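Close look at the chain arrangement
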Amino acid sequence: MAEIQLSTPQKRKLRSNSTPSPMQSSCAKWKSPRRCVKDCPKSHVKMQGNFGDKTINTTKSPVKKRLSESFLQKPMWNPRDVEQLNAVKEALHVSTPPATATVVCREVKYNRVLDFCKESVEQDKAGSLYICGCPGTGKSLSIEKVKEVLVDWANESALQAPDLLSLSCTSLSKTSDIFGKILDKIQPRRKANGSMSPLQYLQKMSSQKQQSTGRKMMLIIVDEMDYLITKDRTVLHDLFMLTTFPFSRFILIGIANAIDLADRFLPKLQSLNYNPFHVERNIISDTWCCTFLDKPAVITYRAYSKDQIISILQQRLEAFPYTVFQPQALELCARKVASTSGDMGKALSVCRSAIEMLEGEIRDSIYSLQLPSLKMGLSDQQRGDACDKSPIQESGVVRVDHVAIALSKAYRSPVVDTIQSLPQHQQIILCSALKLFRGKKKDATIGELNISYVDVCKSTLIPPVGIMELSNMCRVLGDQGILKVGQAREDKLRRVTLKIDEADITFALQGIRLFRNYLQQL
């Protein structure tokens, strides 16, 4: 017993003299592992005890980190300022080119196209390139940048800059008219020759050395090349074949949405009847060599990811000395667009639409403030002061609900429309099911759903209905194809399963103020 009494003070002394743990030194007031992790976001905390040994990495992704930092560093913008409003809308317009020297998130593709054009001009060599990808993936934007940089590079390198010709196949009345457009660029005042078509004339020019001597290289950019697809496919073949003639001066870049167009409609040029070889002159030996050609090189533009869309939106907004969007609002827009199409044009359109939502909200707020002022007979100065003190003025950034409404308009679907038109308690049931089915669980009984439903009602301060009425509402949702309700002896034992995507429920209810905060906690 004496040994126990002697060891106890020693144990207490060791505890009191022990050095503080890293967690204690980094967090002055330790309450819980969650609080400590939140207070020290840049640290990797190793939690022990009842939580088990696990390392929590709380470091944000670079894109999200930049979003949060820019939101905190810049002051809020004033959407009631017409100049600021128009400047932001202009920056988010699809036709507005980015201010950067290259194309954001498309640097590798852009450099490949530019290197191809530089090599063709430098070596005085014809060639062809096919660029494909879904709409809004930066194809046309990259080409516009290439055109600007190529001319400047040629002038700085003391090389002859190529002639530029941009064509959109949607403007052609006939597919074969494209050869006439090319010939008009080379010889604008050429007299029509009835015995020879524009294609034959171009082929003759590219086959004879004296015809091509002294003529500049020509960069031909053909957009919407899908429109040149015909039954016999001769127009496409003849167009790409122009770059294979011995003395051709054409650099052809075709742009289309079809990824497999080169495989389906441009098989190996060796199989055609037109001498499918390219002639190059060896300057050292003063000889000519023939090189057989394959189909054009293909560069594929993939759909933008969520982080890429956020980066591009940030790049367009970083020039402004104020904050326009909540970080969560930009992230919601990027996540939805990336999950559907990855179309950057769609993302820019949604952002502009969200700004218009805020603009309409401000107009309604001003009108509601001015209406009682007019009845009270206040002066214009007093009404202006009242408007300046409005809540909209204090929080004038584009919020998550603005973007959610803009997205619902851009991606209008029957499921989303149905959810948004449901009665309030049926929407709460879907919100409860969303909470219940997060994770691996895919079905539950009506009794379990009722517990989750009551929790949602308490958090939203809405009185819940009874379990019998809840069961009837589940049956109604089942008739609409939203839920699947099984059979059982008792209503509370019937199993319920979601028949629609959880993302559609989140998207539909995100714009409703009642559910916004609750959904953000899930």
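Located above this text is the structure these notes cover.
Residues numbered from 1 in each chain as written. Predicted model: local features only at pLDDT ≥ 70, side-chain atom pairs only at ≥ 80, totals over all residues. Heavy atoms only, no water.

Considering the state of the cysteines
- This model, assessed by the stated rule, comprises zero disulfides.
- Just so you know, Cys333 is unpaired, no disulfide at all, and the nearest cysteine sulfur is the one on Cys351, 4.0 Å from it.
- A relative accessible area of 1% means that Cys333 is categorised as buried. (Disulfide = S-S within 2.5 Å. Buried < 20%, exposed > 50% of the residue type's maximum accessible area, 1.4 Å probe, protein only.)

Brief notes about the sheet that holds strand β10 (residues 443-445)
- Taken in spatial order, the three strands make up an open sheet running β10-β12-β11, and their pairing is antiparallel. A single partner strand is all that each edge strand has here, and the edge strands are β10 and β11 (483-485). Within the sheet, the average angular offset between the axes of one strand and its neighbour, ignoring direction, is 25°.
- Where β11 meets strand β12 (residues 495-498), three bridges bridge the pair, whose relative direction is antiparallel. If you follow Lys484 over to β12, its bridge partner there is Thr497. (Pairing = 2+ DSSP bridges. Helix = DSSP H or I, 4+ residues; strand = E, 2+ residues; numbered from the N terminus. Axes fitted to C-alpha atoms, helices over the stretch in contact; angles between N-to-C directions.)

Focus on helix α21 (residues 446-459)
- Between its terminal C-alpha atoms α21 stretches 20 Å, which fits the 20 Å expected from 14 residues at 1.5 Å a residue.
- Within α21 the residues assigned to the buried category are Ile446, Gly447, Leu449, Asn450, Ser452, Tyr453, Val456 and Cys457.
- Along its buried surface, α21 packs onto α20 (424-436), β10, α22 (467-479), β11, β12 and α24 (513-521). (Expected span 1.5 Å × (residues − 1). Contact = heavy atoms within 4.5 Å.)

Focus: unusual backbone geometry
- Non-glycine residue Cys105 carries a positive phi angle of around 65°.
- For Cys105, the position within the fold is in the loop between α5 (82-91) and α6 (107-122).
- Phi is positive for Leu461, close to 60°, though the residue is something other than glycine.
- Here Leu461 lies in the loop between α21 and α22.

Observations regarding the pairing of strand β5 (residues 218-223)
- For β5, the tally of buried residues reaches five of six residues, placing the bulk of the element in the interior.
- Relative to β5, strand β4 (residues 163-168) runs parallel, the two being bridged by six bridges. Bridge assignment links Leu165 to a residue of β5, and that residue is Ile220.
- The pairing of β5 with strand β6 (residues 250-256) spans five bridges and is classified as parallel. Following the sheet pairing, Val222 is matched in β6 by Gly254.

Let's talk about the packing of aromatic side chains
- Counting across every chain of the model gives two aromatic pairs.
- Measuring from centroid to centroid gives 6.4 Å for Trp77 and Tyr322, while their planes differ by 25°, and the two rings are stacked. Of the two residues, Trp77 is situated in the loop between α4 (62-73) and α5 and Tyr322 in the loop between α13 (306-317) and α14 (327-340); the sequence distance between them amounts to 245 residues.
- Judged by relative accessible area, Tyr322 falls into the buried class, the value being 11%.
- These aromatic residues form a ring-pair network of at least three members: Trp77, Phe320 and Tyr322.
- The ring of Tyr304 is capped by Arg106, whose NZ or CZ atom sits 4.1 Å from the centre of that ring. (Phe/Tyr/Trp six-rings, centres within 6.5 Å; stacked < 30°, edge-to-face > 60°. Lys NZ or Arg CZ within 6 Å of the ring centre and 35° of its normal.)

Let's talk about the pattern of salt bridges
- Applying the stated criterion to the full structure yields 13 salt bridges.
- Residues Asp124 and Arg249 are paired through a salt bridge, measuring 2.9 Å at the closest nitrogen-oxygen approach. Here Asp124 is found in the loop between α6 and β3 (127-133), whereas its partner Arg249 is found in the loop between α11 (234-241) and β6, with 125 residues between them in sequence.
- Among the residues examined, Asp124 registers a relative accessible area of 44% and is labelled partly exposed.
- Between Glu361 and Arg399 there is a salt bridge whose closest N-O contact spans 3.2 Å. One end of the pair, Glu361, is in helix α15 (residues 344-376); the other, Arg399, is in the loop between α17 (391-394) and α18 (400-410), and 38 residues separate them in sequence.
- Relative accessible area serves as the criterion here: at 22%, Glu361 is assigned to the partly exposed category.
- Within the structure, one salt-bridge network assembled from shared partners comprises Lys89, Glu359 and Arg363. (Salt bridge = Lys/Arg side-chain N within 4 Å of Asp/Glu carboxyl O.)

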